[in-house]
Amino acid sequence: MPRPLDHARRAELLAGVITYIAEHGLMDLSLRPLAEYLGTSSRMLIHYFGTKEAMLIAALETQRPDIAALFEGIDDAETLRSRLSHSVVLNTSGQAGTSLLVLLQVLGIATVPGSPFKTYAREAVEVVVTALTQALARIDPALPDPEASATLMVSGVRGLIQDWWVTGDTERVDRAVAMLVARAVG
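Residues numbered from 1 in each chain as written. Predicted model: local features only at pLDDT ≥ 70, side-chain atom pairs only at ≥ 80, totals over all residues. Heavy atoms only, no water.

What about the overall build of the protein?
Right, so step 1: Helix and strand counts for the protein come out as 11 helices and zero strands.
Right, so step 2: Along the first, second and third principal axes, the C-alpha atoms of the protein reach 60 × 35 × 30 Å.
Right, so step 3: Out of the 186 residues belonging to the protein, those deemed buried represent 38%.
Right, so step 4: Restricting to contacts in the protein with at least 6 residues of sequence separation, those with at least 24 account for 63%. (Helix = DSSP H or I, 4+ residues; strand = E, 2+ residues; numbered from the N terminus. Buried < 20%, exposed > 50% of the residue type's maximum accessible area, 1.4 Å probe, protein only. Contact = heavy atoms within 4.5 Å.)

See the structure below:
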């Protein structure tokens with residue numbers, strides 16, 4: 001009879017998986033080094049999660065922010081600017097920074113044919129585009145295509161965050177975020 005799952009240990013492992021990915025990358029992830037890092041065995045990881053891919057998706061799910069809440073109640077351009085300001089968009093410290101770094105890796109790998117992350121990545125993009133589309137429609141009901149505008153903003157901000165991770169040029173990227181938001185919402 002299989003051993004019952006220890007849900008507290010499972011949650012602890014999932015948090016460790018995200019930290020490991022942020023430190024070591026997702027590209028060449030192997031269960032043995034990951035298990036060693038987590039203080040367990042690859043066999044126990046399979047026991048808890050079934051497959052490496054299922055474990056990674058479960059870990060990513062624990063990091064999904066409440067995007068709808070970020071854009072909830074926004075009905076004017078100034079509030080949107082404030083929410084998408086440098087302090088929010090480029091919050092790269094602590095858990096938020098770890099989550100962003102891992103998400104950027106997942107989005108990149110999701111473009112590879114047959115990627116197990118494609119569905120997760122698509123849903124992550126859809127959630128933020130939908131929430132921002134609704135906010136833009138509230139801000140300007142006459143906006144011709146709020147979904148296209150939201151898509152442009154989401155993709156632009158994501159690219160700028162990636163630019164910041166690569167270059168570390170906070171001042172230039174911060175100016176670009178402000179410009180992107182200003183052009184989108186006036």
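Observations regarding helix α2 (residues 31-38)
Right, so step 1: The set of residues buried in α2 consists of Leu 31, Leu 34, Ala 35 and Leu 38. The buried residues of α2 occupy one face: seen down the axis, they fall within an arc of 100°. Structural note: α2 exposes Arg 32 and Glu 36 on the side pointing more than 90 degrees away from its buried face. (Arc of directions from axis to C-beta.)

Some words on helix α10 (residues 146-167)
Right, so step 1: Taking 1.5 Å of rise per residue, 22 residues should cover 32 Å, and α10 covers 31 Å from first to last C-alpha, within 8% of that figure.
Right, so step 2: The set of residues buried in α10 consists of Pro 146, Ser 149, Ala 150, Met 153, Val 154, Val 157, Leu 160, Ile 161 and Trp 164. Along the long axis of α10, the arc covered by the buried residues comes to 135°, so they all point the same way. Facing away from the buried side of α10 by over 90 degrees, the exposed positions are Leu 152 and Val 166. (Expected span 1.5 Å × (residues − 1).)

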